Amino acid sequence: MGGDKIYVCTGAVLHCTQGTSNSSLSAMPKCVSLCNEDQANITDHISMVNVKPFGRCRSLTYPPTASATAAHYGHLTPMPCVPGTITNWTAVDPDSQVGGQPALLDTAKLRCIYGGEITVVNPGQQLEKTGAEKIEIVVREAIIGRMEKEMNVIWQRSTVLDVIHYVCKRLLQKVIN
């Protein structure tokens, strides 16, 4: 996995060096998804839209925290965070475009104007194995559902032997293909 690129999508867990808790990323819809979530690109940095608050901000360059700290005679008083994310993410994949912009990688960093550095803790993708199992189950259920509908139509028009013959024939076709 050393050189593998891990892409970021909606639901990614983010961390800010000045925040008191982790946050999440909400990528804008771009008709590209990973594990049924919108894939992120370099422009998914908008405060409160793409990047949610990180609990309380401990930075003294953040005006509410600076004011509250001054009111408490210099005792640091973190205030509710509103991320100051006005620049694009770094660490993107220029070879992979999402909505016409470079795709966001899990090594990406984003600067907050109040001094925090935002990083990706978890890229937001579900385990591939789990996703594959879910897809396989959905496909199997869809095939069974279609066969049941076809059997009901045949049952109404045929004898029991005709139905059994038809089902066996269909199952053999599925096995061969």
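Here, every reference points to the structure presented above.
Computed from a predicted structure; not experimentally measured.

Conventions we followed
Residues numbered from 1 in each chain as written. Predicted model: local features only at pLDDT ≥ 70, side-chain atom pairs only at ≥ 80, totals over all residues. Heavy atoms only, no water. Salt bridge = Lys/Arg side-chain N within 4 Å of Asp/Glu carboxyl O. Buried < 20%, exposed > 50% of the residue type's maximum accessible area, 1.4 Å probe, protein only. Pairing = 2+ DSSP bridges. Helix = DSSP H or I, 4+ residues; strand = E, 2+ residues; numbered from the N terminus. Disulfide = S-S within 2.5 Å. Contact = heavy atoms within 4.5 Å.

Draft legend 1. Seen up close, the pattern of salt bridges. Under the definition given, this model contains 3 salt bridges. Across the pair Glu117 and Lys109 runs a salt bridge whose closest N-O atoms are separated by 3.9 Å. Glu117 sits in the partly exposed class, given a relative accessible area of 26%.

Draft legend 2. Structural view of the sheet that holds strand β1 (residues 13–16). Ordered in space as β2-β1-β10-β9, the 4 strands form an open sheet in which the pairing is antiparallel. Of all the strands in the sheet, just β2 (23–24) and β9 (109–111) have a single pairing partner and so form its edges. Here β1 runs beside β2; their pairing, made up of 2 bridges, is antiparallel. For Val13, the partnering residue across the bridge sits in β2 and is Ser24.

Draft legend 3. Local environment of the pairing of strand β7 (residues 92–98). In terms of strand pairing, β7 meets strand β8 (residues 101–104) through 4 bridges, oriented antiparallel. Across the sheet, residue Val92 finds its bridge partner in β8, namely Leu104.

Draft legend 4. Summary view of the state of the cysteines. For the structure on display, the rule yields 0 disulfides. Here Cys16 stays free of any disulfide, with the sulfur of Cys112 as its closest cysteine sulfur at 5.7 Å.

Draft legend 5. Highlighting the environment of Lys30. Considering the arrangement of structural elements, one finds Lys30 in the loop between β2 and β3 (33–34). Taking the C-alpha atoms as reference points, Lys30 and Ala40, separated by 10 residues in sequence, lie 8.5 Å from one another. Sequence-distant contacts of Lys30, that is, excluding residues within four places in its chain, are made with Asp38, Gln39, Ala40, Asn41, Asp44, Val98 and Gly99.

Draft legend 6. Representation of unusual backbone geometry within the structure. Even without being glycine, Met48 reaches a positive phi, approximately 70°. Tracing the backbone through its elements, the reader meets Met48 in the loop between β4 (37–38) and β5 (56–57). Residue class for Met48 comes out partly exposed when judged on its relative accessible area of 41%. At Tyr73, a residue that is not glycine, the phi angle is positive and equals roughly 55°. Among the secondary structure elements, Tyr73 is positioned in the loop between α1 (63–71) and β6 (79–80). Judged by relative accessible area, Tyr73 falls into the exposed class, the value being 80%.

Any link to function would need more than the numbers given here.
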